[in-house]
Structure formats: C-alpha cells, structure tokens
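The primary structure of each chain is shown beneath.
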There are 2 protein chains.
Amino acid sequence: MADFNSSGKPLDFEKGFTIDFNMVNGLSSVKNTSKRLLSKVKSMFYDEEAAKKELEENGDRLVYEFHELPAPEHDGDLAFGMSIVYPGKVGNEYYMTKGHFHTILDTGEVYYCLSGHGYMMLESPEGDWSCQELIPGKAVYCPKRYAHRSINVSPHEVLRTFFVFRADAGHDYGTIEEKGYRHLLVEQDGEPAIIDNPNWKQ
Amino acid sequence: MADFNSSGKPLDFEKGFTIDFNMVNGLSSVKNTSKRLLSKVKSMFYDEEAAKKELEENGDRLVYEFHELPAPEHDGDLAFGMSIVYPGKVGNEYYMTKGHFHTILDTGEVYYCLSGHGYMMLESPEGDWSCQELIPGKAVYCPKRYAHRSINVSPHEVLRTFFVFRADAGHDYGTIEEKGYRHLLVEQDGEPAIIDNPNWKQ
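Residues numbered from 1 in each chain as written. Chains lettered and ligands numbered in written order. Predicted model: local features only at pLDDT ≥ 70, side-chain atom pairs only at ≥ 80, totals over all residues. Heavy atoms only, no water.

**Some points on the packing of aromatic side chains**
Residues and elements named next belong to chain A. The full count for this structure, using the stated rule, is 30 aromatic pairs over all chains. Ring centres 6.0 Å apart and planes at 15° place the aromatic pair Phe-17 and Phe-80 in the stacked group. Linking Phe-17 in strand 1 (residues 17-20) with Phe-80 in strand 4 (residues 78-85), this pair joins segments that are 63 residues apart in sequence. Arranged with centres 6.0 Å apart and planes meeting at 20°, the rings of Tyr-64 and Phe-66 form a pair that is stacked. (Phe/Tyr/Trp six-rings, centres within 6.5 Å; stacked < 30°, edge-to-face > 60°. Helix = DSSP H or I, 4+ residues; strand = E, 2+ residues; numbered from the N terminus.)

Next comes the structure, spelled out in structure tokens:
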C-alpha cells in the first residue's frame, strides 16, 4: 500500500501531503519538535523561587514540545501538529505552555486531546476567561480573541493534543510574557484550583 | 474535576467550549451526526447497476456520517468534527464520502486519522490529483483548491478522521455530483487500485 500520484515532496502545502503524529507518543518520524526547557521558560511560572530551586535541585527538564510545520502564511491554509506537555510542577503550579494570543486576534484554534489530563486556559484582552478540562477524546475550541495555554494536571501522564489554526494567524507570545494571565491553575489539596496571578500586570 | 468559569452554553463559539468525540467510535454525546445512507448517495458510485443490486439484495445501509457543528461563518472561526466512513463496497468501488470543493476555493482542510485504513482523494479543478493513504496517527493536508473525499479500503474496520476547516469555507458538493472525480479507487485483486472514472464529465 502507498499513496497514489502524490508529489513526493514532504510537507507540500500546495499539492497536499500526509504526515504521521504517533498516537502514543505524539512525535512525527519526519519532523522534529520545538522544545521548551524549564531553564528557558521558568519566568512563566509565578513562583520564581520555586523555579530556581527546581533547576538547582533537579536540573533542567523538558516542559513541553510541539510541531511547527512550514505552512504558508495564507488565510486559506491551516497549520497543525501535536502539542506535548510533560507532567510536573514548579511549586504548586502545573507544567504548561507559555500561552499566546494570535497576532491576527480574530482567529480561533482547535485542539483535540489524545492522551493525558489537562486544561485549556482561555483569556480575552478584556479579562473574560475560562479554563476547560481536557481528557482523551475531548476537543476544545479556543475562540477568536482569546489567549490559550495548555496545562497538564496529571502527576504521571503526558498531555498530548492535536492542534489546527489558520496558517497566517501568527503567535503573539509577548503580551502574555509581559503581563501574564489573570488566573493560574495550581494544585491545592491534590486538586486543580484557580488562583489570581499575583504577578499579573494591568 | 470540571471546567472553571465556562459559559455553560453548549458549542459556544464566542467564549469557547469543549466537546467529546469518542476516540473509539467517533461519536459525540452532545451532537448527533449527519447520516448518509446508500439509498441517498448511490449515484456517487460509478457502477449504477451494482448500487441498485446492493440495495435490493441487502437493503439500505449507512455509508458515512459526520458532525456539523454550528460554527459562525467567519473567516477567523474553525469548523470541526469527526468523519466516520463504514466498510463496504458497491461493485468493486469502496464506500466513501461524496467529496467536495470548498465554496471559497482557496481554503484547505486538515484530517487526522484515528482508526481504520483509508485514502484521501484530492483533485483540483484543472485535474491535478493524488490519493493519499490514511492509517491511525496520520494527518493529511487537503490543500486549497482541491476537492477531497475519504475512502475506506478496509473490509472490516471503520475509518474515523478528525477534521478542521475554516468555518466560512462552505461546501460545494454540486461540482462533484455533476462531473464526478476524474479518478476512482477500486479493489483489484484484493488491493486498492486507481482507475479512470468512466462517468467523468468534462
């Protein structure tokens, strides 16, 4: 069995292509992931001391990784891949992605959860927010105008989600890096709980 | 465990929502599928006599079903759901979806295969085409301008794919209904093989 008459060019967004994202580990045999180590993303956690201590005591670790396919930045194309968030905490705050708005703010994103247990934190520039639970088989719609961040609340399992967004949407990481999210998901008495972000900047 | 601060409104494309698409059977607990019975789609198979005979001898059967979420028709929104194609043949032609262009031709679509064994048939208005194999864990990119049709080549397994497209793309089923695809995927000596469509209209 094989494809019939495919262009044979990998990741050919003009003619179409297939790409594997392993359903068990989330990885692809043809495309590496972008990796985010704790040392590089430590400032996204609210407890700076806990992050420093974690790095000193346990060394650097992979917090998350994801695929960036070279989709043309055209409003009719779609970018997609797998997002993989590892289990772990910094202090009482779960491992998560940095979170981002789209540069073209009026564009949504879809995630379909394949493994693990997590949440998607959504927040609009005006502060409207929700935090939606993800388990395998659940899709989450991140609406236009909302920043989105995946959070892994499982102590052992890896959170894997397949994502799709408009290829020209662009990533605005800066706003979250600068201001933070208004709400954080932390562990309290062994359960996920929402707290106000003490470091949030108006 | 539960969502935090979600609007509670089902399928709320403005505020965000989650929806389940069962990873085993592809169905959702909150949204029914649109169903395509053989009696309604029999004209998409090239062998009309075989379709008639099949209906007379074995009665009507479900060929495929899929979710249509009420996404706003906005170029920043995304529509998504599960497509489920059952195993079966009409003559030597495999069960498949009708296939469609997008009304806004310059918009792509992504499918991620969760179960089964199938192919995605792609064809541009000018006749450029390919037929790309799908197995679990494989995503296929249907590029802008290409009609796309899922085909189930397994004798027993159900083909399930999670799909995402721009919510305003629209479905042009008419062109394929009228002209057909230039190429068809049929079983020959127990294997999928490409043939020219004898009913194709210029």
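Picking up after the structure, the text goes on.
**Observations concerning the relation of the copies chain B and chain A**
Superposing chain B onto chain A requires a rotation of 180° together with a translation of 0.0 Å along the rotation axis, leaving an RMSD of 0.0 Å. One copy is carried onto the other by what is essentially a two-fold rotation axis. Looking at chain B, 100% of its interface residues are interface residues in chain A too, so the copies touch through the same face. (Least-squares fit on C-alpha atoms with pLDDT ≥ 70 in both. Contact = heavy atoms within 4.5 Å.)

**Remarks on the sheet that holds strand 9 (residues 118-123) of chain B**
All names here are of chain B. Pairing within the open sheet is antiparallel, and its three strands lie in the order 10-9-12. Here the strands that pair on one side only, and so sit at the sheet edges, are strand 10 (129-134) and strand 12 (147-152). Neighbour to neighbour, the strand axes of the sheet diverge by 20° on average, direction disregarded. For strand 9 and strand 10, the ladder comprises six bridges, and the chain directions are antiparallel. Its bridge partner being in strand 10, Met-121 is matched across the sheet by Cys-131. (Pairing = 2+ DSSP bridges. Axes fitted to C-alpha atoms, helices over the stretch in contact; angles between N-to-C directions.)

**Here's the deal with the sheet that holds strand 10 (residues 129-134) of chain A**
Residue and element names in this part refer to chain A. Strand order in the open sheet formed by three strands is 10-9-12, with antiparallel pairing between adjacent strands. Every other strand in the sheet has two partners, leaving strand 10 and strand 12 (147-152) as the edge strands with one partner each. The average angle at which neighbouring strand axes cross in this sheet is 20°, direction not considered. As paired elements, strand 9 (residues 118-123) and strand 12 share six bridges and run antiparallel to each other. In the sheet register, Gly-118 faces strand 12, and the bridge partner there is Asn-152.

**Concerning the confidence of the model for chain A**
Here chain A averages 97 in pLDDT, while 100% of its residues score no lower than 70. Among the scores for the predicted complex, ipTM is 0.97 and pTM is 0.97. (pLDDT = per-residue confidence, 0-100.)

**Remarks on the interface of chain B and chain A**
The parts lose accessible area when they come together, and the size of an interface is often stated as this lost area. Each partner contributes to the interface: chain B provides 59 residues, whereas chain A provides 59 residues. Carbon and sulfur atoms supply 58% of the area that chain B and chain A bury against each other, a total of about 5000 Å² over both sides. Put simply, chain B and chain A have six salt bridges between them. In this structure, the salt-bridge partner of Asp-128 of chain B is Lys-15 of chain A, at a minimum N-O distance of 3.3 Å. Seen at the junction of chain B and chain A, the total is 32 residue pairs in polar contact (both at pLDDT 80 or more). Contributions of two or more residues to the side of chain B that touches chain A are made by strand 1 (17-20), strand 4 (78-85), strand 8 (109-115), strand 9, strand 10, strand 11 (138-142), strand 13 (159-166) and strand 16 (191-196) of chain B. Class assignment of the residues belonging to the side of chain B that touches chain A gives a composition of 32 nonpolar, 13 polar and 14 charged. Judged from the four bridges that link them, strand 1 of chain A and strand 11 of chain B form a sheet pairing that is antiparallel. The residue bridging Phe-17 of chain A from the neighbouring strand is Tyr-141 of chain B, located in strand 11 of chain B. (Buried area = accessible area lost by both parts, 1.4 Å probe. Salt bridge = Lys/Arg side-chain N within 4 Å of Asp/Glu carboxyl O. Polar contact = N/O pair within 3.5 Å; in protein donor to acceptor, adjacent residues only side chain to side chain. Nonpolar A, V, L, I, M, F, W, Y, C, P; charged D, E, K, R; others polar.)

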